[in-house]
Amino acid sequence: MSNRTLGLGMVAIGLLMVVVGVASLGGDSPNDVATATTTAAPASTTAAPASTTTAAPTTTSTPTTTTTTSTTTTTAPPPSIEDFIVAYAAATESGDTGFLTDRLLPDLRTIFGEELCRNWVETEILALRAYQLTGEVSGPFARTLNVGDTAISVEQYYEAPVSFTFQGQSFDTVATFVVADGQVYWIGECR
């Protein structure tokens, strides 16, 4: 075998290795590998065109990785009124003033004032014991809450029969709630 034939063979093998290496860097798509291997056949006859034509097909693999953004639009449903009542009861038992104040309808905290509402929660609401749902929740209804001179329109208003003990005396009443911005809020009159 002549040195020239051996040299051409080595060049062809080297180019084939370059083509395979470039193809493996180009992407995971089976089409990328097929494109790279089809351009390898002419590389054994002429070295220069093979190295310039194999680079172009491997750069076209990026469009296959740009269609997965629709999965980020999931939203969790708001908690149920029943679940909220359980959390409300747990907060009264544990003394969680922050939860109870934060979950009072924000419009009411604005009208009455944060400080008055927090004091009311600390002195009266935290004194509730055995708070529980006693019947079925009804709603949602659209309602207008009138607080002094202010009208608050709500679209998702709910009512639920509850019972609790306050200062040793048992009470049965209807509690009211609003679902807004993905949260359940309770309605009360800060005093």
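Summary of the structure given here.

1. Comments concerning the nonpolar core
Phase 1: Counting 34 residues, the largest nonpolar core has Tyr88, Ile125, Tyr131, Phe177 and Trp186 as its most contacted members.
Phase 2: At the level of secondary structure, the elements contributing two or more residues to this core comprise helix H6 (81-94), helix H9 (114-123), strand S1 (128-133), strand S2 (138-147), strand S3 (150-166), strand S4 (169-180) and strand S5 (183-186).
Phase 3: Residue contributions to this core peak at seven residues, all from S3.

2. Some remarks on the environment of glutamate 82
Phase 1: When you line up the elements, glutamate 82 lands in helix H6.
Phase 2: For the pair formed by glutamate 82 and glutamate 136, sequence separation is 54 residues and the distance between their alpha carbons is 9.0 Å.
Phase 3: Those residues within four positions of glutamate 82 in sequence are excluded, and the remaining contacts are Leu133 and Val137.

3. With respect to the state of the cysteines
Phase 1: On inspection of all chains with the given rule, the structure shows one disulfide.
Phase 2: For cysteine 117, the disulfide goes to cysteine 190, at an S-S distance of 2.1 Å. Since a negative S-S torsion denotes a left-handed disulfide, the cysteine 117-cysteine 190 link at about 105 degrees is right-handed. Of this pair, cysteine 117 sits in helix H9 while cysteine 190 sits in the segment after S5, and the two are 73 residues apart along the sequence.
Phase 3: For cysteine 117, a relative accessible area of 0% corresponds to the buried category.
Phase 4: The class for cysteine 190 is buried, based on a relative accessible area of 4%.

Cut-off values and rules
- Counting from 1, residues in each chain are numbered in the order their sequence is written.
- Local features in this predicted model are restricted to residues of pLDDT 70 or higher, and side-chain atom pairs are both shown and tallied only at a pLDDT of 80 or more, whereas totals for entire chains, interfaces and linings draw on every residue.
- Side-chain calculation: all heavy atoms of the structure are included, whereas hydrogens and water are not.
- Throughout, nonpolar core names a set of buried Ala, Val, Leu, Ile, Met, Phe, Trp, Tyr and Cys residues whose side chains join them through atoms within 4.5 Å.
- Each residue gets one of three labels from its accessible area relative to the maximum for its type: buried under 20%, exposed over 50%, partly exposed in between, using a 1.4 Å probe on protein chains only.
- Helix and strand assignments follow DSSP, with helices taken as H or I runs no shorter than four residues and strands as E runs no shorter than two, numbered in order from the N terminus.
- The contact rule is simple, with two residues in contact once any of their heavy atoms fall within 4.5 Å.
- By disulfide we mean two sulfur atoms from cysteines, separated by a distance within 2.5 Å.

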